[in-house]
Amino acid sequence: MRFDYLRPASLEEATAFLAREAGAQPLAGGTDLFPRIKDRLISPKYVVSLKGLPELQGMGPGGGGWRLGALTTIRAVETSPQMRQLYPILSQAAGTLGSVQVRNVATVGGNLCHAVPSADMVPPLLALDAQATLVGPQGKRSLPLEKFFLGPRLTALQPGELLMEVAWPPLPSRWGGVYIKLGHRQAMDLAIVGVAAVVALDAAGRCLDCRIGLGAVAPTPVRCRHAEAILRGEKVTPSALERAAEMGMGECQPIDDMRASRRYRCDMVKVLTRRALGQALEQAQRKGQG
Amino acid sequence: MKRHITLIVNGAPYQVAVEPYRYLVDVLRDDLGLTGTKKGCGHGHCGTCTVLVEGKAINSCLALAVDLDGGNITTIEGLASDGQWHGLQKAFVQEGAVQCGFCTPGIILMAKALLDENPTPTEPEVRAAIAGNICRCTGYAKVVKAILSAAQGR
């Protein structure tokens, strides 16, 4: 549990050191890193603090949509007036993570890079069609967020690479989105099932686009593209929602663990997908009025 | 090898030499003798180690002391001033919200952070704010009452 500590003055210094030293771990908030060190699941020789690196910070408009720096705290996403107004699905999801004390230091980058299948920020970002930008000694590269996750706690990050930011394109004006997190408790829990749904409508009330992100029910968070296809281009009726929810159930591969059985998770995917789609639809419909 | 850092705790600068792998809760308690901050789970679940850093509530068991060099930290010892308890401390005693007292420093600091940001919270907002602070004794009812009462007293 002993390690050395560095705070690089620049992103280049950080990525170069991380690439060179196999025993180095990056430090952002530390709320996942330190429990793992304390439990002796990992024993890094160096902890490399990313504090203050400007390229990893900030949130704001970008490319017509929005960008979120990796060092943005979960609390900042939860409480930012802009985020709550423009992308409430994200601030809502952020509020489900841990406690205030954890959210004040935990970061978007940490939540994504630790890649726990139940990570709360991921299903909403998938539902926003986010891209991840990575930066390393070889430079920058971007990929769809879906491709960032390879397995439980396994990401596409190469040695020395850091997640720099996530960004997503603009949405049609008439859209709604929610994240529903099923847990045993009202706080301080991992998701048993996490469902994020985004629905966008055209002027006639037909579904222009639909995205469904699921967490905690597969080795990685997933998009339910078959379920989405059922709704896209169609008038959203209760029976269509039912069929999409049923299809969503087929797109997950949950496990039995101490929190829930596989069977219960499957059942809950269907219930919560239907509920999330319904709530997202209502939000979108309200935007067309008045 | 120890690093020389400065921690500004309750307004006073402390210069300490700490190993890079030490957490803030241990430096506060063992190096600075400020034992009001308690150690519970060590993993960021229970909240007994809650302190304020730049006014924000954090779990000091997951904060590396060296990463907070130059930071402004408020511990429970910093709440009373001029020999007078802080309104929250008075309310907790008046309402009977302290039993064994182990969770109390952490919960009071979390409540202070809440009231500094939101001086008139609703009961659900209070409960959501202290969701990261476990109390084994009180069942929370009097804790919530004390926080709401302190909010009204402002």
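One can find the structure itself at the top, above this paragraph.
Residues numbered from 1 in each chain as written. Chains lettered and ligands numbered in written order. Predicted model: local features only at pLDDT ≥ 70, side-chain atom pairs only at ≥ 80, totals over all residues. Heavy atoms only, no water.

**Considerations on the overall build of chain B**
- Scanning chain B from N- to C-terminus turns up 5 helices and 5 strands.
- The N-to-C order of helical and strand elements in chain B reads β-β-α-β-β-β-α-α-α-α.
- Scaling as 2.2 N^0.38, a compact globule of 154 residues should have a C-alpha radius of gyration of about 15 Å, and chain B matches this with 15 Å.
- Across its three principal directions, the C-alpha atoms of chain B cover 45 × 30 × 25 Å.
- Burial statistics for chain B: of 154 residues in total, 53% are counted as buried.
- Sequence separation of at least 24 residues holds for 53% of the intrachain contacts in chain B that already meet a minimum separation of 6. (Helix = DSSP H or I, 4+ residues; strand = E, 2+ residues; numbered from the N terminus. Rg over C-alpha atoms; globule rule 2.2 N^0.38 Å. Buried < 20%, exposed > 50% of the residue type's maximum accessible area, 1.4 Å probe, protein only. Contact = heavy atoms within 4.5 Å.)

**Observations concerning the packing of aromatic side chains**
- Scanning the model with the defined rule gives 8 aromatic pairs over all chains in all.
- Arranged with centres 5.1 Å apart and planes meeting at 90 degrees, the rings of Phe17 of chain A and Tyr46 of chain A form a pair that is edge-to-face. With Phe17 of chain A in helix H1 (residues 11–20) and Tyr46 of chain A in strand S3 (residues 46–49), this residue pair connects regions lying 29 residues apart in the sequence.
- Residue classification places Phe17 of chain A among the buried residues on the basis of a relative accessible area of 12%.
- For the pair Tyr87 of chain A and Trp175 of chain A, a centre-to-centre distance of 6.0 Å together with 35 degrees between the ring planes defines the contact as tilted. In this pair, Tyr87 of chain A sits in the loop between helix H4 (81–86) and helix H5 (88–94) while Trp175 of chain A sits in strand S11 (residues 175–182), placing the two residues 88 residues apart along the sequence.
- Under the relative-accessibility criterion, Tyr87 of chain A is labelled buried at 8%.
- These aromatic residues form a ring-pair network of at least three members: Phe3 and Phe34 of chain A together with Tyr21 and Tyr23 of chain B. (Phe/Tyr/Trp six-rings, centres within 6.5 Å; stacked < 30°, edge-to-face > 60°.)

**Quick look at the packing of helix H2 (residues 87–94) of chain B against helix H5 (residues 141–153) of chain B**
Residues and elements named next belong to chain B.
- As a packed pair, H2 and H5 sit with axes 8 Å apart at the nearest point and diverge in direction by 135 degrees. One finds that H2 runs oblique with respect to H5. Read as a crossing pair, H2 and H5 show a hand that is right-handed. Residues Gly87, Leu88, Ala91 and Phe92 of H2 touch H5, and the partners they reach there are Val143, Ala146, Ile147, Ser149 and Ala150.
- Broken down by class, the residue content of the contact of H2 with H5 amounts to 7 nonpolar, 2 polar and no charged. (Axes fitted to C-alpha atoms, helices over the stretch in contact; angles between N-to-C directions. Parallel < 35°, antiparallel > 145°, perpendicular 65-115°, else oblique. Left-handed = near helix turned anticlockwise from the far one by under 90°. Nonpolar A, V, L, I, M, F, W, Y, C, P; charged D, E, K, R; others polar.)

**Describing the pattern of salt bridges**
All names here are of chain A.
- Evaluated as defined, the whole model comprises 30 salt bridges over all chains.
- Linking Arg223 and Glu228 is a salt bridge whose minimum nitrogen-to-oxygen distance equals 2.7 Å. Judged on exposure class, the residue Arg223 and its partner Glu228 are both buried.
- The closest approach of N and O atoms between Arg265 and Asp257, which form a salt bridge, is 3.0 Å.
- By relative accessible area, Arg265 is classed as buried at 2%.
- On the accessibility criterion, Asp257 (29% relative accessible area) is partly exposed.
- Sharing partners across several salt bridges, the network here consists of Asp129, Asp209, Arg211, Arg223, Glu228 and Arg232. (Salt bridge = Lys/Arg side-chain N within 4 Å of Asp/Glu carboxyl O.)

**Let's talk about the nonpolar core**
Residues and elements named next belong to chain A.
- Formed by 43 residues in total, the largest nonpolar core has its most connected members in Leu90, Leu112, Leu145 and Trp168.
- Those residues in contact with Trp168 that lie beyond four places of it in its chain are Gly62, Gly65, Trp66, Leu68, Tyr87, Leu90, Leu125, Leu128, Asp129 and Ala130.
- Among the nonpolar cores identified, the runner-up in size contains 34 residues, and Leu182, Cys207, Val222 and Val236 belong to it. (Core = buried A, V, L, I, M, F, W, Y, C linked by side-chain atoms within 4.5 Å.)

**Looking at the environment of Gly194 of chain A**
Residues and elements named next belong to chain A.
- Position of Gly194 among the secondary structure elements: in strand S12 (residues 193–201).
- The buried category is assigned to Gly194, whose relative accessible area is 0%.
- In this structure the C-alpha to C-alpha distance between Gly194 and Ala24, which are 170 residues apart in sequence, comes to 31 Å.
- Sequence-distant contacts of Gly194, defined by excluding residues within four places in its chain, comprise Pro123, Tyr179, Ile180, Gly213, Leu214 and Gly215.

**A short note on the interface of chain B and chain A**
- Listed per partner, the contact involves 27 residues of chain B and 26 residues of chain A.
- A buried area of about 2100 Å², summed over both sides, lies between chain B and chain A, and 55% of it is on carbon and sulfur atoms.
- Three residues stand out in chain B for area buried against chain A, namely Tyr21, Leu62 and Asp67 of chain B, and they jointly supply 29% of the buried area on that side.
- The interface formed by chain B and chain A holds 4 salt bridges in total.
- Here Glu117 of chain B and Arg75 of chain A are joined by a salt bridge, their closest N and O atoms 3.3 Å apart.
- Those elements giving two or more residues to the side of chain B that touches chain A turn out to be strand S4 (56–59), helix H3 (104–117) and helix H4 (123–129) of chain B. (Buried area = accessible area lost by both parts, 1.4 Å probe.)

**Some words on the pairing of strand S4 (residues 59–62) of chain A**
Residue and element names in this part refer to chain A.
- Examined bridge by bridge, S4 and strand S5 (residues 65–69) share 4 bridges and lie antiparallel to one another. Across the sheet, residue Gly62 finds its bridge partner in S5, namely Gly65.
- What sits between the antiparallel neighbours S4 and S5 is a turn of 2 residues, in which Gly63 has the positive phi angle 55 degrees. (Pairing = 2+ DSSP bridges.)

**Remarks on the sheet that holds strand S13 (residues 207–215) of chain A**
Residue and element names in this part refer to chain A.
- The 4 strands lie next to each other as S11-S12-S13-S14, forming an open sheet whose pairing is antiparallel. Single-partner strands in this sheet number two, and they are S11 and strand S14 (222–223).
- Sheet analysis places S13 next to S14, joined by 2 bridges and oriented antiparallel. For Leu214, the partnering residue across the bridge sits in S14 and is Val222.
- Together, S11, S12 and S13 form the strand contacts of helix H12 (residues 262–288), whose direction differs from that of S11 by roughly 150 degrees.

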